[in-house]
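# Architecture at a glance
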Amino acid sequence: MPLFAFLFILLLCSENSYSQYNPGARQISLANSDVALSNDVFSLFNNPAGLSQINWREVGIYYSPAPFGLKELANGFVSYHEPLSFGSIALGGMTYGYELYRETRIVIGYSYNYENKFFAGVAVNYHNVSIEGYGNEAAFFLNLGGLVYLTDIIRWGFSVINVNRATVSEFDDQLPVIFNSGFSVDVIEDFSLNAAIEKDLNYKPSLLFGMDYDIIEYLSLRTGYSNEPARFSAGVGINYSIFSLDYAIFTHQDLGLTHQAGIIISFGKEGTRNRLIKNHLGKP
């Protein structure tokens, strides 16, 4: 089989290609059901509207060197958030693949907070695909997002990935167009339930569920499930001072079990994230 065809099948033709999973071990442990939660620096890649929930500077690093034991699927993300008087801005980057096939992305996002109740965001992405011996192609695409506090404990959020239906080759929709909408409910002060529906234009809709529990001040437990493809996930977060260390595992119906990890440094933040967000927004 020609090298190009092999790489195309391995890395592009699989349902919900691994490069399309949004980053953050916390997000993955919730099966990416957090579109209405979106309250850390990795919201830039998922729902940029959530960035303006954060009133402190934040840096996040996420790296997975060999998902499912395959170094060809190695991926890493970095993101930086800066709160300003007129909203929040964020800058991020992504790399995926290895020396023969690589995807890279640069993202800049903006989020606006209206009366601590309505949040809107946009992210501009520059995405490049490079295949050794075949050159590279690039495209710009836009992500949009919104988040609303329906009550003090119930949030609704949505995002649209690749609004302009950009592509980096002659194949239509090689960069997927994804719609995501869902709810997040604070059952008790430090325990949230999250549910969302995600629709890639080329695939069946997927139902996403996740639970996030700050069981004590320094420890968070999480779990999640999605059905298209079937994926179970779980994770733990260790929160100390300005550092959040997150670990997640998930099982893929075809590829098996894999591990993820990341770190977020929140300058000026000490305490559990969900509680500080509520204090910042004036929620009881």
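Look above for the structure.
Let me begin by describing the structure that accompanies this report. (Residues numbered from 1 in each chain as written. Predicted model: local features only at pLDDT ≥ 70, side-chain atom pairs only at ≥ 80, totals over all residues. Heavy atoms only, no water.)

## Remarks on unusual backbone geometry
So the rule is basically this: Put simply, DSSP H or I for four residues or longer makes a helix, DSSP E for two residues or longer makes a strand, and each gets a number counted from the N terminus.
Here Glu 228 and Pro 229 are connected by a cis peptide whose omega angle stands at 0°. Non-glycine residue Glu 115 carries a positive phi angle of around 55°. Note that Glu 115 resides in the loop between strand E4 (101-114) and strand E5 (118-131). With a phi close to 55°, Ser 241 is a non-glycine residue in the positive phi region. Position of Ser 241 among the secondary structure elements: in the loop between strand E12 (230-240) and strand E13 (243-252).

## A look at the pattern of salt bridges
Counted only if it meets this: Each salt bridge in this description consists of a side-chain nitrogen of Lys or Arg and a carboxyl oxygen of Asp or Glu lying within 4 Å of one another. Burial here depends on accessible area, computed with a 1.4 Å probe over protein chains only, as a share of the maximum for the residue type. Under 20% is buried, over 50% is exposed, and the range in between is partly exposed.
Counting across every chain of the model gives six salt bridges. A salt bridge links Asp 212 to Arg 222, with the nearest nitrogen and oxygen atoms 3.4 Å apart. Linking Asp 212 in strand E10 (residues 206-216) with Arg 222 in strand E11 (residues 219-227), this pair joins segments that are ten residues apart in sequence. By the burial criterion, Asp 212 is buried, and Arg 222 matches it.

## Things to note about the environment of Ile 54
Mapped onto the elements, Ile 54 comes out in the loop between helix H3 (43-46) and strand E1 (57-64). On the basis of relative accessibility, which here comes to 1%, the residue Ile 54 falls in the buried class. Distance from Ile 54 to Ser 266, taken between C-alpha atoms, is 9.6 Å for residues 212 residues apart in sequence.

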